[in-house]
Amino acid sequence: MALVGRQGQPGRPDGPSGRVVVLGATGFVGRHAGAALRAAGHEVLAVARQAVKTPAAWRFHPMDLVKDGPGALTELIDAEHPVAVVNAAGVAWSSSPGVMRQGNQLLVDRLLAALDAASWRPRLVHLGSVHEYAPQSAGVDLAEDSPTRPVTDYGHSKLLGSRAVLQSAAEGRTDAVVLRLSNVIGAGTPPSSLLGRVAQQLLAPAAPGGPVTIRLSPLRSSRDFVDAKDASEAIVAAMRTPRARGRVLNIGSGTSQHVRVMVDLLIAASGRRVRLVEDTGGTVRPAADADWMRVDVTAARELLGWSPRRSLEETVRDLWNAAAGSDG
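Residues numbered from 1 in each chain as written. Predicted model: local features only at pLDDT ≥ 70, side-chain atom pairs only at ≥ 80, totals over all residues. Heavy atoms only, no water.

> So what about the packing of helix α1 (residues 28–39) against helix α7 (residues 228–240)? Which residues, and what values?
Two elements in contact, α1 and α7, have axes separated by 8 Å at closest approach and are oriented at 60 degrees. Here α1 is positioned oblique relative to α7, judged by the angle of their axes. Of the two elements, α1 crosses α7, and the hand of that crossing is right-handed. Contacts between α1 and α7 involve Phe 28, Val 29, His 32, Ala 33, Ala 36 and Leu 37 on the former and, on the latter, Ala 228, Lys 229, Ser 232, Glu 233, Ile 235, Val 236 and Met 239. (Axes fitted to C-alpha atoms, helices over the stretch in contact; angles between N-to-C directions. Helix = DSSP H or I, 4+ residues; strand = E, 2+ residues; numbered from the N terminus. Parallel < 35°, antiparallel > 145°, perpendicular 65-115°, else oblique. Left-handed = near helix turned anticlockwise from the far one by under 90°. Contact = heavy atoms within 4.5 Å.)

> Which residues make up the pairing of strand β5 (residues 84–87), and what values do they have?
Judged by which residues are buried, β5 turns out to be covered on both faces: Ala 84 and Val 86 on one side and Val 85 and Asn 87 on the other are all buried. Here strand β2 (residues 19–23) runs beside β5; their pairing, made up of 4 bridges, is parallel. Residue Val 21 lies in a different strand from β5, and its bridge partner there is Val 85. Examined bridge by bridge, β5 and strand β6 (residues 123–129) share 4 bridges and lie parallel to one another. If you follow Val 86 over to β6, its bridge partner there is Val 125. (Buried < 20%, exposed > 50% of the residue type's maximum accessible area, 1.4 Å probe, protein only. Pairing = 2+ DSSP bridges.)

> Describe helix α4 (residues 97–117), and please don't skip the residues or the numbers.
Across its 21 residues, α4 extends 29 Å between first and last C-alpha, which sits within 8% of the 30 Å expected from 1.5 Å per residue. Its axis deflected by about 30 degrees at Leu 106, α4 carries its strongest bend there. Along α4, the residues classified as buried are Met 100, Gly 103, Asn 104, Leu 107, Val 108, Leu 111, Leu 112, Ala 114 and Leu 115. Buried residues belonging to α4 abut β2, α2 (65–68), α3 (71–80), β5, β6 and α5 (153–170). (Expected span 1.5 Å × (residues − 1). Bend = angle between axes of the 7 residues up to and from the residue.)

> Go over the pairing of strand β12 (residues 248–251), please, and point to the residues and values.
Here β12 shows no split at all, with Val 248 and Asn 250 on one side and Leu 249 and Ile 251 on the other all buried. Both strand β7 (residues 175–181) and β12 contribute to a ladder of 4 bridges, which runs parallel. The partner of Leu 181 across the bridge, within β12, is Ile 251.

> Requested: an account of the confidence of the model for the chain, with residues and values cited.
Close inspection of predicted coordinates is inappropriate in any region flagged by low pLDDT. Here the chain averages 91 in pLDDT, and 90% of its residues register 70 or above. Of the regions scoring below 50 in pLDDT, residues 1–5 engages in 16 contacts with residues more than four places distant in sequence or in other chains. Note that residues 8–16 has pLDDT below 50 and, in this model, 25 contacts with residues that lie over four places away or in other chains. (pLDDT = per-residue confidence, 0-100.)

> So what about the packing of α3 against α4? Which residues, and what values?
Where α3 meets α4, the closest approach of the two axes is 8 Å, and the angle between their N-to-C directions is 45 degrees. Comparing their axes, α4 and α3 come out oblique. In terms of crossing hand, the pair formed by α3 and α4 is right-handed. Residues Leu 73, Thr 74 and Ile 77 of α3 form the contact with α4, whose own contacting residues are Leu 111, Ala 113, Ala 114, Leu 115 and Ala 117. For the contact of α3 with α4, the residue count by class is 7 nonpolar, 1 polar and no charged. (Nonpolar A, V, L, I, M, F, W, Y, C, P; charged D, E, K, R; others polar.)

> Could you give an account of the environment of Arg 123, with specific residues and numbers?
On the secondary structure map, Arg 123 appears in strand β6. When neighbours within four sequence positions are excluded, Arg 123 is seen to be in contact with Val 83, Ala 84, Val 85, Asp 175, Ala 176, Val 177, Ala 238, Met 239, Thr 241, Pro 242, Ala 244 and Arg 245. Of the polar contacts made by the side chain of Arg 123, one reaches the backbone oxygen of Ala 238; its length is 2.7 Å. (Polar contact = N/O pair within 3.5 Å; in protein donor to acceptor, adjacent residues only side chain to side chain.)

> Can you lay out the pattern of salt bridges for me, pointing to particular residues and giving the numbers?
Under the definition given, this model contains 17 salt bridges. For the salt bridge of Lys 229 with Asp 318, the shortest nitrogen-to-oxygen distance reads 3.3 Å. Of the two residues, Lys 229 is situated in helix α7 and Asp 318 in helix α10 (residues 312–327); the sequence distance between them amounts to 89 residues. Residue Arg 309 is joined to Glu 233 by a salt bridge in which the shortest nitrogen-to-oxygen separation is 2.8 Å. Of this pair, Arg 309 sits in the loop between α9 (298–304) and α10 while Glu 233 sits in helix α7, and the two are 76 residues apart along the sequence. By relative accessible area, Glu 233 is classed as partly exposed at 27%. It is possible to trace a salt-bridge network through shared partners that takes in Arg 19, Glu 43, Arg 59 and Glu 80. (Salt bridge = Lys/Arg side-chain N within 4 Å of Asp/Glu carboxyl O.)

Below you can see the structure in the form of structure tokens.
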């Protein structure tokens, strides 16, 4: 993003159709959520630990919720009167278990404490993960009533955060909804993910006249991949739907796609000649994770009026164009 957002200044209650605080707004999903909110007519107040480039239309407020505690966020909420807080903050797969606990559990505890202390009551949209569920057998969809027995440190830390939000909502302390996202991809997909890693390798120079070599661990699994724009539209819908209060809703594409197909689509989008080597030198997901995943999105479709709309080809093109553009 080429422009820098304005520094946040509290105490301005006016806004296009409601101000929204986006925690983790400079991250992959947070950036897409902010763009969808802005397109829907909301003023975006971006909150993150460090000031980075954001759209000029956004306002930016630096804050480290884990380190500084909930007080600063309480003050911000009471000053700004946002209609919603979107928690897109968190720590991903590549981090240590301790760091994941801080970013996915402790941060949520701080967030809920801030909302408890605030005099203003916004809707909270908390972004969880379908990896909070127990792995399912091939052909069995992940639904909202599927067992929550994660087998990875990431899934466990995300589940603890989601449970805290749901308990707060059940006790009437928080107006909250939890969206459990499947594997989100699109422009800005981080290099720690499979497709992000492939994109980075595709950008590497090749020997004159030769192919680019892509090295990956064996491509054996099938996943539910959802476009970041589609996921962000679900966030907007969840923020605006009163009946979603206290609910868990799964957000995915509703299809299971073999990861080899996704890699091939990305290679095709790049237009580069490739030598693909599958070995044990990298990791796609922890070995304990399921080899097959498909998400049932019926509840989100019925309750939010939301459905995934974008094709895998469109999503992969967005991913590649962003990666190639940033490289230049």
